[in-house]
Amino acid sequence: MKTALVTGSARGIGLATTKLFLEEGWQVVMVDRDGEELLATAESLDNVHPIVADVSDPEAVADLFKEVEERFGGLDALVNNAGVADFGPIEETDFARWRRVMETNLDGVFLMSQEAIPALKKNKGSIVNIASISGLRASTLRVAYGTSKAAVIHLTKQQAAELGEYGIRANCVCPGPVRTKLAMAVHTQDIIDAYHDAIPLNRYGSEAEIGSVIVFLCSDKATYVTGQIVAADGGFESTGVGLPALRK
Ligand code: NAD
C-alpha cells in the first residue's frame, strides 16, 4: 500500500486530498497542528494515521519523521498543504504578522521537505507543494501571503532540480479560490463577487477539484512530470477576462 503524508489535513483542501488518496487505495499520514479537529476527523476514516504537529517547528518536524520512519519506512508522497492566510496592506503588515505567514507557508514547506528526503528516497516518492494564484499574480493586501506563495513556487523548482537525481519529483499546485475556513476568513462579499467576475469558469472551485490535481501529480500517471506549477483556478491566472464590463 502506498503512503502519503498530507499536512493541514484536519479540514479543507488537505482533508479532501486525504479522502481522494484513500479512494485510490493509499494510506495517509494526516498532520495538523489543530489536534482536536485532526483527531476527531481521523477517527471517522480508515487507513489514516494522525500526527499532531506544527510544520513550522523544526523539532516537531524531526520527531514526526522519526515516527513516520519507524512505522512506515518510506514515503510515496508528501503534500505540503498546511497554510495560513492573513491579508493586509503593506504599511500595516508588521514583522510579527509577516513572520506568522512565512513560518507556516514557507518555513513549513522547507522543513517538511528537508526531513522527508530520506523517506522519499526509499520509495522514489514525490512532493506536491500547495501555493496559490496569489503567488503567481501579485494583488492587493497579499504582501506576506503572496510573497510566501511565490517563494513556494520557486522552492518547488529548486527541489525538482536537486532531487531529480534520486527519482524524487516535485510539483506545485496553485489553487484559485475555494470556500474553506481559510478563504472565508479573508474573502468579503465584494471579494467573492470580484473573483466571479475575473474567473472564466465564473465560480469558486471545490476542495476535491484541487485535491484531484494533487493526487494526479503524486500518482503513477505523472511519473515524468516534475518542476511544474499547475494552477487549478478556473482559468484566473492565464486569462484576462478580468474586466467585468467586457463580460456583460
Ligand atoms: P484551511 O484553513 O481550511 O485548512 C488549513 C489547515 O492547515 C488547518 O487544518 C490548519 O490547522 C492547518 N495548519 C495551519 N498552519 C499549520 C501549521 N503551522 N502546522 C500544521 N498545520 C497547520 O485552509 P485551506 O483553504 O484548505 O488551505 C489549504 C492550502 O491551500 C493552504 O496552503 C492555502 O494557502 C492554500 N490555498 C487555499 C485557497 C482557498 O481559497 N481556500 C486558495 C489558494 C491557496
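All of these numbers come straight from a predicted model, not from anything done at the bench. (Residues numbered from 1 in each chain as written. Predicted model: local features only at pLDDT ≥ 70, side-chain atom pairs only at ≥ 80, totals over all residues. Heavy atoms only, no water.)

**Q** I would appreciate a short explanation of the environment of Glu69 in the present structure.
**A** When you line up the elements, Glu69 lands in helix α3 (residues 58-72). Sequence spacing of Glu69 and Asp32 is 37 residues, and the spatial spacing of their C-alpha atoms is 18 Å. In this structure the side chain of Glu69 is engaged in a polar contact, spanning 3.4 Å, whose partner is the side chain of Lys122. (Helix = DSSP H or I, 4+ residues; strand = E, 2+ residues; numbered from the N terminus. Polar contact = N/O pair within 3.5 Å; in protein donor to acceptor, adjacent residues only side chain to side chain.)

**Q** Quick question: what am I supposed to make of the environment of Pro50 here?
**A** On the secondary structure map, Pro50 appears in strand β3 (residues 48-52). For Pro50, a relative accessible area of 27% corresponds to the partly exposed category. When the C-alpha atoms of Pro50 and Ala160 are compared, they prove to be 28 Å apart, with 110 residues separating the residues in sequence. Not counting residues up to four positions away in its chain, the partners in contact with Pro50 are Met30, Leu38, Leu39 and Ala42. (Buried < 20%, exposed > 50% of the residue type's maximum accessible area, 1.4 Å probe, protein only. Contact = heavy atoms within 4.5 Å.)

**Q** Which parts of the structure should I look at to understand the pairing of strand β2 (residues 27-32)?
**A** A regular strand places its side chains so that they alternate between the two faces of the sheet. In terms of burial, β2 is largely enclosed, as 6 of its 6 residues are buried. A two-sided burial pattern is seen for β2, the buried positions comprising Gln27, Val29 and Val31 on one face and Val28, Met30 and Asp32 on the other. The pairing of strand β1 (residues 3-7) with β2 spans 5 bridges and is parallel. Residue pairing in the sheet places Thr7 in a bridge with Val31 of β2. Taken together, β1, helix α1 (residues 12-23) and β2 constitute a β-α-β crossover, and its handedness is right-handed. (Pairing = 2+ DSSP bridges. Right-handed = clockwise from strand over helix to strand, strands pointing away.)

So, to be careful, I would describe these as geometric facts and stop short of saying anything about function.
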